[in-house]
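Listed below, chain by chain, are the residues.
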Amino acid sequence: MDELRELYQEVILDHSKAPHNFGELNPCTHHANGDNPVCGDQISVTLNIENNCVKDIKFNGSGCAISIASTSMMTDIIKDLPTSTLQILFDHFHHICTTDCDPMDHPELDHIDENHFTKMAILSGVRQFPMRVKCATLAWHTLMAAIEHIDTTSTE
Ligand code: ZN
């Protein structure tokens, strides 16, 4: 447990200090803004999707370490993935952030790199702090809004 807590802090610090894929794609095919008013996290994502595949993604914004780390990690995870996998990954991540039950089983998830699952599992440590779950899932809510061409989404 202590080891997991240490890992959790390490991963969050790494990503929040030096976020991956920070910036803005211009032009882009999809974009959305996400807002978590409870904590004050505000992010925006821009994507280029070609042939139903995420070619590139960048994000901008400001917020707590968890929201920035989670968004940074998400951009790493979904690059080069087919868009059909995104909702399943979001469901998986939301599930492990909110319950202690076994992770979901889904054939689409078999294609995902093991490292990505490990990172998501580490980040799901937020479930010990229910107030922070929205910080961790904001990135994914914003991603799904962008895919559905919804301009702005809020966790409230
Ligand atoms: Zn936050």
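This section reports on the structure supplied with the text. Note that the coordinates shown come from a computational prediction; the quantities given were computed from them, not determined experimentally.

What follows deals with the packing of aromatic side chains. If you walk through the whole model with that rule in mind, you get two aromatic pairs. Arranged with centres 5.1 Å apart and planes meeting at 85°, the rings of Phe 22 and Phe 59 form a pair that is edge-to-face. Of this pair, Phe 22 sits in the loop between α1 (2-17) and β1 (30-36) while Phe 59 sits in strand β3 (residues 53-62), and the two are 37 residues apart along the sequence. Consider the rings of Phe 93 and Trp 140, whose centres lie 5.9 Å apart with planes at 35°: the pair is tilted. A residue pair is termed long-range when its members are at least 10 positions apart, and Phe 93 in helix α3 (residues 86-98) and Trp 140 in helix α5 (residues 133-147) qualify at 47 residues. We classify Trp 140 as buried; its relative accessible area is 1%.

In this section: the pattern of salt bridges. Any two side chains of opposite charge can pair, given that their charged atoms come close. What the rule picks out here adds up to two salt bridges. A salt bridge links Glu 156 to Lys 134; its shortest N-O distance comes to 2.9 Å. With Glu 156 in the segment after β4 (152-154) and Lys 134 in helix α5, this residue pair connects regions lying 22 residues apart in the sequence. By relative accessible area, which is 56% here, Glu 156 ends up exposed.

The grouping of Glu 3, Glu 6, Glu 10 and Asp 14 at the surface amounts to a negative patch. The topology assignment puts Glu 10 in helix α1. By relative accessible area, Glu 10 is classed as partly exposed at 47%.

Moving on to the state of the cysteines. Per the counting criterion, the structure on display carries zero disulfides. With no disulfide partner, Cys 53 has as its closest neighbouring cysteine sulfur the one in Cys 28, 16 Å distant. Looking at the unpaired Cys 97, the closest cysteine sulfur is the one in Cys 135, lying at 11 Å. Using a relative accessible area of 1% as the deciding quantity, one classes Cys 97 as buried.

Structurally, the position occupied by Thr 71 is in helix α2 (residues 65-78). For Thr 71, the residues in contact, after removing those within four places along its chain, are Ile 43, Phe 59 and Ala 139.

Our next topic: the sheet that holds β4. Here four strands make up an open sheet; going across it, the order is β3-β2-β1-β4 and the pairing mixed. Unpaired on one side and paired on the other, β3 and β4 mark the two borders of the sheet. Pairs of neighbouring strands in the sheet enclose a mean axial angle of 20°, with direction left out of account. Where strand β2 (residues 41-50) lies against β3, nine bridges are found, and the strand directions are antiparallel. Note that in β3 the partner of Val 45 across the bridge is Phe 59. Packed onto the sheet, α2 meets β2 and β3 and runs at close to 170° relative to β3.

About the cut-offs
Residues numbered from 1 in each chain as written. Predicted model: local features only at pLDDT ≥ 70, side-chain atom pairs only at ≥ 80, totals over all residues. Heavy atoms only, no water. Phe/Tyr/Trp six-rings, centres within 6.5 Å; stacked < 30°, edge-to-face > 60°. Helix = DSSP H or I, 4+ residues; strand = E, 2+ residues; numbered from the N terminus. Buried < 20%, exposed > 50% of the residue type's maximum accessible area, 1.4 Å probe, protein only. Salt bridge = Lys/Arg side-chain N within 4 Å of Asp/Glu carboxyl O. Patch = residues over 30% accessible without salt bridge, like charges linked within 9 Å, V, L, I, M, F, W, Y side chains within 5 Å. Areas by Shrake-Rupley, 256 points an atom, 1.4 Å probe, with all protein chains shown as cover. Lys, Arg positive; Asp, Glu negative; His and termini not counted. Charge placed at Lys NZ, Arg CZ, Asp CG, Glu CD. Disulfide = S-S within 2.5 Å. Contact = heavy atoms within 4.5 Å. Pairing = 2+ DSSP bridges. Axes fitted to C-alpha atoms, helices over the stretch in contact; angles between N-to-C directions.

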